[in-house]
Amino acid sequence: MLSRLGALGVVALLAGPLVPAPASAAPAPGERAATVEERRLDRAAPQEILRRSGFDSVAPELARALDKARSYDQARRLVVREGRELWRRAVDRAQGRGPAGGDLSRDDDRPLYWARLGMARELRQWEPKRFSLGEERRARLIAALERTSRGQDAVRFAKGSRAQGHTAQGQAGKHPAKRILVTGFDPFTLDRDVRISNPSGATALALDGTTIQTADGPARVEAVTFPVRWQDFTDGAVERALRPHLSRVDLFTTISQGRVGRFDIERTNGAWRGGFPDNDNVSRTETVPVSDPASQPQWTSTTLPYKEIADAATGRFPVYDNTSVTEIPAGGTEPVVRPDGPTEGSRARAGGGGDYLSNEIAYRATLLRDRLGLHDRLPGGHVHTPVLRFGAGNTDPATGAVTDPEFVRNRLDIIAQVRGILRVAASES
């Protein structure tokens, strides 16, 4: 995800006339409004995506199960179970296990996204018959759904990783298995085109729990995904999900959709939000809010082997070591683009990955790495994928199909190339 400061004309592709939704009064019981994001569910394309993947039954099944809940604790257990099942089902579908559920290609990330929103809407509007449910407890249920259906409580690495210094043998029988943690995002800019898929989310589903054979032995990949919402990041979603694992992995990569026709390894991340509307049509223009802001740096940097990744043959898209940032120089007042990175004492206005949530997840993840004292021993950073595009004859959001052969080919090629990039990164680390 790039900002309005993004390169190569991606602004015209991603930015649309989005206006933040006006605040509204708290609804009365029984009249709880769906979020902006949830209201898109009723459009034709999301319904078709759910129907053609078999995920259209997910939200109604949750609603029926909730009606039988006799207590809050029972409801919470149900939500956790169903959230985990949704993630497992999406991963299995992406990796060719179990029924496809319809004719939509298995590599598609969108069924998970729309099914989760359907479940969240059911929870938001649910009125228990056997007990009372206050808004705080309702919010906890929705938060549990978010965590579990994004794989955030399902990261499982076998014992014996190199990160722990153990000597247990990996799957190849020769080397301890390395551990790789990757992250992806939901689709976004959906008011421009509600059919949009996000290749980073598709990559997370395709790679979760898989093993990559590297020149240095096997590497186990675990994946989680995140929403495209400013508030979730403000509330610490990234840190909660990643903190338990960073000290135990050998490499991490945050991934998002970026520029047209290219991959970028983003060298530098900036502590600035540029205000582009999120999936709830909310804008934020401010310094990235983190704990202990007094010690917050304006910039963080990748520790991925960026030169080796950019030089390697990993797929059909070119891969760039992107060093550009936008800063306000020390003593200055206006933003300046710096092709070779930030200057001393400058204030961030965009990292290499812009000033949207892709830059922010890279900033937060690498700041967490550094605050845990792992900068010098943990390779980690951000990979921007190419923009996922529909076929040449399928570009009208109002009349176009939800999928086409070129769209699927582009997504599969991006997934395969991310796997290649991880192979190089793990081999060189």
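The shown structure was predicted, so the numbers you read here are calculated from the model rather than taken from an experiment. (Residues numbered from 1 in each chain as written. Predicted model: local features only at pLDDT ≥ 70, side-chain atom pairs only at ≥ 80, totals over all residues. Heavy atoms only, no water.)

Novice: So what exactly am I meant to see when it comes to the overall build of the chain here?
Specialist: Counting its regular elements, the chain contains 13 helices and 14 strands. Pairs at least 24 apart in sequence give 77% of the contacts found in the chain among residues at least 6 apart. Counting only carbon and sulfur atoms, one obtains 51% of the accessible surface of the chain, whose full area is about 17,400 Å². (Helix = DSSP H or I, 4+ residues; strand = E, 2+ residues; numbered from the N terminus. Contact = heavy atoms within 4.5 Å. Areas by Shrake-Rupley, 256 points an atom, 1.4 Å probe, with all protein chains shown as cover.)

Novice: Honestly, the packing of helix H3 (residues 44-51) against helix H6 (residues 110-125) in this entry has me stumped. Any pointers?
Specialist: The axes of two packed helices give the description: the angle between them and the distance between them. Relative to each other, H3 and H6 sit at 110°, their axes nearing to 9 Å. For the element pair H3 / H6, the angle class is roughly perpendicular. H6 is crossed by H3, and the crossing has left-handed handedness. Along its contact with H3, which presents Pro-46, Ile-49 and Leu-50, the element H6 presents Arg-110, Pro-111, Trp-114 and Ala-115. (Axes fitted to C-alpha atoms, helices over the stretch in contact; angles between N-to-C directions. Parallel < 35°, antiparallel > 145°, perpendicular 65-115°, else oblique. Left-handed = near helix turned anticlockwise from the far one by under 90°.)

Novice: In this structure, what is going on with the packing of helix H4 (residues 58-66) against helix H5 (residues 72-94)? I would like to understand it.
Specialist: Packing of H4 against H5 leaves a shortest axis separation of 11 Å and a crossing angle of 160°. Accordingly, the angle class assigned to the pair H4 and H5 is roughly antiparallel. Between H4 and H5 the crossing geometry is right-handed. Note on element contacts: H5 touches H4 through Leu-78, Val-79, Glu-82, Leu-86 and Arg-89, opposite Val-58, Leu-62, Ala-65 and Leu-66.

Novice: Please explain the pairing of strand S5 (residues 263-266) as it appears in this structure.
Specialist: For a regular strand, side-chain orientation follows a simple rule: the groups alternate between the two sheet faces. With burial as the criterion, each face of S5 is covered, one bearing Phe-263 and Ile-265 and the other bearing Asp-264 and Glu-266. As paired strands, S5 and strand S14 (residues 380-385) are joined by three bridges and run antiparallel to one another. When the sheet's bridge partners are listed, Asp-264 is paired in S14 with His-384. (Buried < 20%, exposed > 50% of the residue type's maximum accessible area, 1.4 Å probe, protein only. Pairing = 2+ DSSP bridges.)

Novice: Sorry if this is basic, but what is going on with the pattern of salt bridges here?
Specialist: Side-chain pairs of opposite charge can arise where the charged atoms are in close proximity. Tallying each qualifying case throughout the model produces 40 salt bridges. Glu-85 is paired through a salt bridge with Arg-88; the nearest N and O atoms lie 2.5 Å apart. Note that Glu-85 and Arg-88 are positioned in helix H5 at a spacing of three residues, about one turn of the helix. By relative accessible area, which is 32% here, Glu-85 ends up partly exposed. Owing to a relative accessible area of 40%, Arg-88 belongs among the partly exposed residues under this scheme. For Glu-135, the salt bridge goes to Arg-138, with nearest N and O atoms at 3.5 Å. One end of the pair, Glu-135, and the other, Arg-138, are both in helix H7 (residues 135-148), three residues apart, so they sit about a helical turn from each other. Owing to a relative accessible area of 2%, Arg-138 belongs among the buried residues under this scheme. (Salt bridge = Lys/Arg side-chain N within 4 Å of Asp/Glu carboxyl O.)

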